[in-house]
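Single-letter residue listing:
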Amino acid sequence: MPSLIWLQGATDNGCTISFLNADQPDVPQILSKLDVEVVFHPTISPWSGPRALEAIAPYASGERPLDVLVVEGAVQNGPDGTGAFCLVGKRPLKELVVELAPHAGYTVALGTCACFGGIAAANPNPTDATGLQFHHEAMGGLLGPGYRSKAGLPVINVPGCPAHPDWLSKTLGSLLLGMGDLIELDQYNRPKMFYRSVSHWGCPRNEFFEYSCSAQSFGQNGCLYRYLGCQGPDTHADCNRRLWNRQSSKTRVGSPCLGCTEPLFPDAGAGHFFQTEKRLPVPKGAKPLFHVIGKGFDGMACPAWVKEVARD
Ligand code: SF4
Ligand code: SF4
């Protein structure tokens, strides 16, 4: 039976809560189908304290094989590099992760905090928090750029604040059913099957985006990009096609996409999550001049009814 250890660093437990809301399949189905033994999880394990440390110890020493290590939350290095801001028992979490990771068949960072530092590592990062193998956009983090799990893979990053339950369940499924080699990763080691497209794809406000018909205040139907800070065109995630609770997404309920799967979250949006910066917004990779001219023509071509509905 494959073994899994799930540790938490600097986290609000949000990624665990998201995962526990998995459906189609739900968590009991996932665990039984994958026939996986959860050696320890801080929320669902019945034990804690010394008993939990005893359960983990043989995997940290390599005495027992560890198939998957999942880390949720950033790893805190402070104060002064000791890691004492986050203790497991009496030891810094970072020591435990460094001990377990080389023995893990696969290591998965769950949530933007574990992947890139996320909210815990946001400026000014008072606890010296970092991700497992990235610090924001830079490779490194706790384990360093050269880290490879026993299966020869780097840390598999499953970002999101929180991560969608499917992103973890399908990643675990691929790994534990022997298809780990087939998982294609992008430049930030995110599985392309979830993070190749942007959350803009599938957003029902796309027609308004195309015609440059923008909502100017919350509650209107128009696109949230021009005035209300939407980061959908630059945020790699399939939220608007996979949907949350199988029925919704931020932009479907009128909130801009906050860019939470990206390595610079939340600093990249700090101060303007709900208001586009005072510049002409241009999606990354687009040619600014052509984009601006094209959007001008799109606006001129916009049918009257689209304009009308955008402001409803
Ligand atoms: S990524 Fe977001 S939801 Fe997940 S642990 Fe960090 S703050 Fe919580
Ligand atoms: S609201 Fe955001 S995600 Fe939706 S179409 Fe506009 S820019 Fe794209």
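None of these values were measured; they are calculated from a predicted model.

Peer 1: Give a detailed account of the sheet that holds strand β1 (residues 3-8), specifying residues and quantitative values.
Peer 2: Spatial strand order, β2-β1-β3-β7-β11: five strands in an open sheet with parallel pairing. At either margin of the open sheet sits one strand with a lone partner, and together these are β2 (37-40) and β11 (156-158). Put simply, the sheet's adjacent strands are angled 25° from each other on average, direction ignored. Sitting on the sheet, helix α4 (residues 93-100) touches β1, β3 (66-72) and β7 (104-110), and the angle it makes with β1 is about 155°.

Peer 1: Now, about the side chain of D234: what can you tell me, with residues and values included?
Peer 2: Turning to its location among the elements, D234 is positioned in the loop between α8 (206-210) and α9 (239-242). For the buried D234, no salt bridge is present, and the opposite-charge side chain at shortest range is K284, 5.2 Å distant. A polar contact of 2.6 Å, which involves the side chain of D234, links it to the backbone nitrogen of K284. The contacts of D234, once residues within four sequence positions are left out, are V198, Y225, E262, V282, P283 and K284.

Peer 1: I'd love a proper account of α4, names of residues and values included.
Peer 2: Where α4 is concerned, the buried positions are L93, K94, L96, V97 and L100. Taken around the axis of α4, the buried residues stretch over an arc of 160°, which confines them to a single face.

Peer 1: Outline the domain arrangement of the protein, listing residues and values.
Peer 2: As far as domains go, the protein holds domain 1 (3-195) and domain 2 (206-310). Relative placement of domain 1 and domain 2: their C-alpha centres are 31 Å apart. Summed over both partners, the interface of domain 1 with domain 2 comes to about 1800 Å²; 57% of that surface belongs to carbon and sulfur atoms. When the buried surface of domain 1 facing domain 2 is broken down by residue, H164, W167 and R190 rank first, second and third, together holding 24% of it. The salt bridge partner of E262 is R190, with a shortest N-O separation of 3.2 Å.

Peer 1: Requested: an account of the site of ligand 1, with residues and values cited.
Peer 2: Taken together, T11, D12, G14, C15, G111, T112, C113, G160, C161 and P162 make up all the residues around ligand 1. Of all the secondary-structure elements, those providing two or more residues to the shell around ligand 1 are α1 (14-20) and α5 (112-116). By residue class, the composition of the shell around ligand 1 is four nonpolar, five polar and one charged.

Peer 1: I'd like to hear about unusual backbone geometry, residue by residue, with values.
Peer 2: For the bond running from G78 to P79, omega is -5°, close enough to zero to count as cis. Among the structural elements, P79 can be located in the loop between β4 (75-76) and β5 (87-88). Cis peptide bonds are those with omega within 30 degrees of zero, and the linkage from C161 to P162 qualifies with 5°. Along the chain, P162 turns up in the loop between β11 and α6 (165-176). Of note, D35 is a non-glycine position whose phi angle comes to about 55°, a positive value. The topology assignment puts D35 in the loop between α2 (27-34) and β2. Positive phi outside glycine occurs at N189, with the angle close to 60°. As for its position among the elements, N189 is in the loop between α6 and α7 (192-195).

Peer 1: Quick one: what's the story with the packing of aromatic side chains, residue by residue and with numbers?
Peer 2: Across all of its chains, the model carries 10 aromatic pairs by this definition. Relative to Y188, the ring of F134 lies with its centre 5.9 Å away and its plane at 70°, an arrangement referred to as edge-to-face. With a gap of 54 residues between them, F134 in strand β9 (residues 134-135) and Y188 in the loop between α6 and α7 connect regions that are remote in the sequence. No difference in accessibility class separates F134 from Y188, as the two residues are buried. A ring pair is formed by W167 and W244, whose centres lie 6.1 Å apart and whose planes are at 80°; its orientation type is edge-to-face. Linking W167 in helix α6 with W244 in the loop between α9 and α10 (288-301), this pair joins segments that are 77 residues apart in sequence. On the basis of relative accessibility, which here comes to 23%, the residue W244 falls in the partly exposed class. One aromatic cluster is present, formed by W167, F194, Y195 and W244 through successive ring pairs. A cation over a ring is seen here: R226 above Y227, with NZ or CZ 5.2 Å from the ring centre.

Cut-offs used in this document
Residues numbered from 1 in each chain as written. Chains lettered and ligands numbered in written order. Predicted model: local features only at pLDDT ≥ 70, side-chain atom pairs only at ≥ 80, totals over all residues. Heavy atoms only, no water. Pairing = 2+ DSSP bridges. Helix = DSSP H or I, 4+ residues; strand = E, 2+ residues; numbered from the N terminus. Axes fitted to C-alpha atoms, helices over the stretch in contact; angles between N-to-C directions. Contact = heavy atoms within 4.5 Å. Buried < 20%, exposed > 50% of the residue type's maximum accessible area, 1.4 Å probe, protein only. Lys, Arg positive; Asp, Glu negative; His and termini not counted. Salt bridge = Lys/Arg side-chain N within 4 Å of Asp/Glu carboxyl O. Polar contact = N/O pair within 3.5 Å; in protein donor to acceptor, adjacent residues only side chain to side chain. Arc of directions from axis to C-beta. Domains from an automatic or database assignment. Buried area = accessible area lost by both parts, 1.4 Å probe. Near = heavy atom within 4 Å. Nonpolar A, V, L, I, M, F, W, Y, C, P; charged D, E, K, R; others polar. Phe/Tyr/Trp six-rings, centres within 6.5 Å; stacked < 30°, edge-to-face > 60°. Lys NZ or Arg CZ within 6 Å of the ring centre and 35° of its normal.

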